[in-house]
Amino acid sequence: MSQVQFTETVLRDANQSLIATRMEYTEFEAILETMNKAGYYSVECWGGATFDSALRFLSEDPWERLRNIKAKMPDTKLQMLLRGQNLLGYKHYSDDVVKRFVQKSVANGIDIIRIFDALNDVRNLKTSIEETKKCGAMASGTISYTTSPVHTLEKFVTLVKEMEKMGVDTICIKDMAGIMSPQECYSLVSAIKDAVDLPIVLHTHMTTGLGFMTYLKGIEAGADVIDTATSCFSGGTSQPSTETLAFALRQLGYEVNLDDLILKEVNDFFKPIRDKYIANGVLDPLVLSTDSDALNYQIPGGMISNLISQLKMQNAMDRFSEVLTETPKVRADLGYPPLVTPMSQMVGVQATNNVLSGERYKTVGREVRSYLRGEYGAAPGKVDRKILQMVLGDEKPIKGRYALTLNPEEFDKAKEFLGDLAKSDEDVLSYIAFPQIAESFLAERKIKEEHTVRYTIEPIE
Ligand code: CO
């Protein structure tokens, strides 16, 4: 039988989904050399929210964090998650900045870049995929999975074929909300296998409890790699468990080249870390349970809890069921964007506004306006004409790629602005990605260093 490979997510997605990416490098440093021998296809350890969190909450230089992980795991492919033309955030960057960011990610230790776009607009994937290949790393072209009348198998296959033309090494089906059913996964993997000759990677979350079944059906259809988390950091809003899948798949006759003793050592190492975050309240045991609301409402679980907190703040919980009915309507009006960040927030806020103000689209947020102008890329389906007219008036939506309208000298300007605060191009890229927090991080670092220098000179005098 065929082989199934594993990407371990404890350092990135499990860390992000369960404990808001609060794990410090020093907390997991001691297990990296062991993880290096486990036999993983790759370890996802960077990108996503890790970069922001390192600078904002952990006082860590994200680039140094990556170099440190690489030094301890030289034999394992390190993987990062990149939001195409948005890099690690929600704003679009010029092609020059995107290329430099990819170059530096690879130079500092990344082997595989998983590249996705919230709207599945290939124009937002092209620059980063091509640059990844140019740098000699592997590009994983990604489908942001969602269901809607316009998200057909044919559309997904077209996207996959376009990514194949761009030179991707693998195709990843990314189900960020954990809503992909076993049947849907089976059909999608089968359709992709028929269309292209590329390895298929599956990514899901256990939020609705479908994960294990979805992976199994995907593997039966020919998927090659699955994303899993060491068991004590698995389940709920995180990935399905590594050890459980290794056990079950082997019994079914699949070849699984993971070292069980090492998997146990890795899990034993992370258990007290998990317990610490439960004790200090960062890990809410609620996120570890199964939430089937997403299956009933066709709205991701995280978005439902956002809607509830929005309504509570406005003392309007009695309108909850109206907002739940309005949400899919707004999504349809906007051309069925996948309900993932940042679209889930936009659609949720707009649905709430439509219900509470008593008139649909009476108030429209800045982000929805930018979306309608085409700044995020093309909507997957047709946007309602009347709403487009109501919001934009005579203003015309953008025709070409939004990135082309951006200042190509962004990098040089940032470098000049930072002056001696930036010691490397990596520092400049940190600043471009997260201006305020990177600036205060770099300023603090400078103060610390000056302090150290004075301290070492004084005793000599
Ligand atoms: Co995820």
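Report on the accompanying structure. From a predicted model like this one, the values you see are computed outputs, not experimental measurements.

**Examining the coordination of the cobalt ion**
Taken together, the protein donors to the cobalt ion comprise Asp13 (OD), His203 (NE2) and His205 (NE2), at separations of 2.1 to 2.2 Å. One chain supplies every donor for the cobalt ion, spaced along it as D-x189-H-x1-H. With aspartate 13 in helix H1 (residues 13-19) and histidine 205 in the loop between strand S7 (200-203) and helix H10 (211-220), this residue pair connects regions lying 192 residues apart in the sequence. With a relative accessible area of 4%, aspartate 13 lands in the buried category.

**Some points on the state of the cysteines**
In protein chemistry, a disulfide is the covalent bond that joins the sulfur atoms of two cysteines. On inspection of all chains with the given rule, the structure shows zero disulfides. Free of any disulfide, cysteine 232 has its nearest cysteine sulfur in cysteine 45, 18 Å distant.

**Some remarks on the nonpolar core**
If you look at the biggest cluster of nonpolar residues, it comprises 98 residues, and the most contacted ones within it are Met35, Phe101, Ile173, Phe233 and Phe270. With six residues, helix H12 (residues 260-279) is the largest single contributor of residues to this core. With residues near it in sequence (within four places) discarded, phenylalanine 270 still touches Val10, Leu11, Met23, Phe28, Ile31, Met35, Thr230, Cys232 and Phe233. Among the nonpolar cores identified, the runner-up in size contains 27 residues, and Leu119, Ile304, Tyr361 and Val368 belong to it.

**What to know about helix H5 (residues 62-72)**
Taken as a whole, H5 has its buried residues at Pro62, Trp63, Arg65, Leu66 and Ile69. End-on, the buried residues of H5 take up no more than an arc of 160°, which puts them together on one face. Measuring from the backbone nitrogen of tryptophan 63 back to the side-chain oxygen at the start of H5 gives 3.0 Å, which picks out aspartate 61 as the cap.

**Here we look at the sheet that holds S7**
The sheet built from eight strands closes into a barrel, its strands ordered S1-S2-S3-S4-S5-S6-S7-S8 with parallel pairing. The average undirected angle you get between the axes of adjacent strands in this sheet is 30°. Bridging between strand S4 (residues 112-115) and strand S5 (residues 138-144) involves four bridges; their strand directions are parallel. Residue arginine 114 lies in a different strand from S5, and its bridge partner there is serine 140. Of the strands in this sheet, S5, strand S6 (170-174) and S7 touch helix H9 (residues 182-195), which is tilted by about 160° from S7.

**Topic: the packing of aromatic side chains**
Aromatic ring pairs: the centre-centre distance and the angle between the two ring planes describe each pair. All chains considered together, the criterion is met by twelve aromatic pairs. Ring geometry for tryptophan 46 against phenylalanine 51: centres 5.5 Å apart, planes inclined by 75°, an arrangement best described as edge-to-face. Residue tryptophan 46 is classed as buried on the basis of its relative accessible area of 0%. Centre to centre, the rings of phenylalanine 51 and tryptophan 63 are 5.6 Å apart; their planes meet at 90°, and the pair counts as edge-to-face. On the criterion of sequence distance, the pair formed by phenylalanine 51 in helix H4 (residues 50-56) and tryptophan 63 in helix H5 is long-range, its members being twelve residues apart. Residue phenylalanine 51 shares its accessibility class with tryptophan 63, and that shared class is buried. Each member of the aromatic cluster is reached from another via a ring pair, and the members are Trp46, Phe51, Trp63, Phe101 and Phe434.

**Some words on unusual backbone geometry**
The peptide bond linking threonine 341 to proline 342 adopts the cis configuration, its omega dihedral lying at 0°. Along the polypeptide, proline 342 turns up in the loop between helix H15 (320-333) and helix H16 (343-356). At alanine 20, a residue that is not glycine, the phi angle is positive and equals roughly 50°. Its location among the elements puts alanine 20 in the loop between H1 and helix H2 (25-28). You can call alanine 20 partly exposed: its relative accessible area is 39%.

Analysis parameters
Residues numbered from 1 in each chain as written. Predicted model: local features only at pLDDT ≥ 70, side-chain atom pairs only at ≥ 80, totals over all residues. Heavy atoms only, no water. Donors = N, O, S within 2.8 Å, 3.2 Å for Na, K, Ca; no water. Helix = DSSP H or I, 4+ residues; strand = E, 2+ residues; numbered from the N terminus. Buried < 20%, exposed > 50% of the residue type's maximum accessible area, 1.4 Å probe, protein only. Disulfide = S-S within 2.5 Å. Core = buried A, V, L, I, M, F, W, Y, C linked by side-chain atoms within 4.5 Å. Contact = heavy atoms within 4.5 Å. Arc of directions from axis to C-beta. Polar contact = N/O pair within 3.5 Å; in protein donor to acceptor, adjacent residues only side chain to side chain. Pairing = 2+ DSSP bridges. Axes fitted to C-alpha atoms, helices over the stretch in contact; angles between N-to-C directions. Phe/Tyr/Trp six-rings, centres within 6.5 Å; stacked < 30°, edge-to-face > 60°.

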